[in-house]
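Residue-level structural notes
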Amino acid sequence: MTNFMKWFRRSNGNWTSSRRYLYGPKRKADTYTTNFSVNTEGSHVSISWEGDASDGDMSMVIDGNLLKRDKGYFSDAPTNSDMTMVDDDTVVFVTSYDGVTYREEIRLLDNDSYRLRQTVATREETNSVIIVGQYFEERVD
């Protein structure tokens, strides 16, 4: 079993996410609450969510250091994320599509009871930051 698979298995279960996003050059702020669940079986990971802004599900396959998603966060087309393990608790995902690169970092804390997550989206053409997201996620099992 790879370290990425072990890390995803540690995220199995139900979570509540408190999110804050800053958009565009003026950094317009929005906050949301989302409930989501993570389920891993072998190299397959499924996530489903319901929240203030959206609901849905996503299926993924772990293939080495590549996470193959059946769709992107802002696209219905399949996307791939390059994964880097910073340490046993932290994984960085880098995904690019539609002219935007998303760097997402997720850190498990306190015996996997919490996750700290941040996302930075950069427009590739201008290398300008267009979205910054910060999340505090709490296990609710």
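Whatever comes next refers back to the structure up there.
These lines cover the structure that appears in this document, whether it is placed above or below. Keep in mind the model is a prediction, meaning the values are calculated, not measured.

1. A word on the sheet that holds strand β2 (residues 28-41)
- Spatial ordering of the closed barrel is given by β1-β2-β3-β4-β5-β6-β7-β8-β9-β10, a layout of 10 strands whose pairing is antiparallel. This sheet shows a mean twist of 25 degrees between the axes of neighbouring strands, independent of strand direction.
- Here strand β3 (residues 44-51) runs beside strand β4 (residues 55-63); their pairing, made up of seven bridges, is antiparallel. Bridge pairing in β4 places Ser46 opposite Ser59.
- Across the face of the sheet, helix α1 (residues 3-10) comes into contact with β2, β3, β4, β5 (66-69), β6 (79-87), β7 (90-97), β8 (100-109), β9 (114-123) and β10 (128-139) while running at roughly 90 degrees to β6.

2. A closer look at the environment of Leu108
- Take Leu108: it is sitting in strand β8.
- On the accessibility criterion, Leu108 (2% relative accessible area) is buried.
- Between the C-alpha atom of Leu108 and that of Asp88, which follows or precedes it by 20 residues, the distance is 8.8 Å.
- The contacts of Leu108, once residues within four sequence positions are left out, are Trp7, Arg10, Ser11, Trp15, Asp89, Tyr114 and Arg115.

3. Digging into the nonpolar core
- Judged by nonpolar contacts, the single largest core of 18 residues is most densely connected at Trp7, Phe8, Val45, Ile62, Leu67, Met83 and Phe93.
- Looking at this core, the elements that each hand over two or more residues are α1, β2, β3, β4, β7 and β8.
- With four residues, the top contributor of residues to this core is α1.

4. Considering the layout of surface pockets
- Considering only enclosed or pocket space, the largest pocket measures out at about 760 Å³ in volume.
- What lines the largest pocket is a set of 35 residues, and nearest its centre among them are Arg19, Tyr21, Trp49, Tyr73 and Arg117.
- Per-element accounting of the lining of the largest pocket gives the leading share, four residues, to β2.
- By residue class, the composition of the lining of the largest pocket is 21 nonpolar, seven polar and seven charged.

Definitions and limits used
Residues numbered from 1 in each chain as written. Predicted model: local features only at pLDDT ≥ 70, side-chain atom pairs only at ≥ 80, totals over all residues. Heavy atoms only, no water. Pairing = 2+ DSSP bridges. Helix = DSSP H or I, 4+ residues; strand = E, 2+ residues; numbered from the N terminus. Axes fitted to C-alpha atoms, helices over the stretch in contact; angles between N-to-C directions. Contact = heavy atoms within 4.5 Å. Buried < 20%, exposed > 50% of the residue type's maximum accessible area, 1.4 Å probe, protein only. Core = buried A, V, L, I, M, F, W, Y, C linked by side-chain atoms within 4.5 Å. 1 Å grid on protein atoms, 1.4 Å probe; cavity = no way out; pocket = protein on both sides within 12 Å on 5 of 7 lines; lining within 4 Å. Points joined across faces, edges and corners; volume = space filled by probe spheres on them. Nonpolar A, V, L, I, M, F, W, Y, C, P; charged D, E, K, R; others polar.

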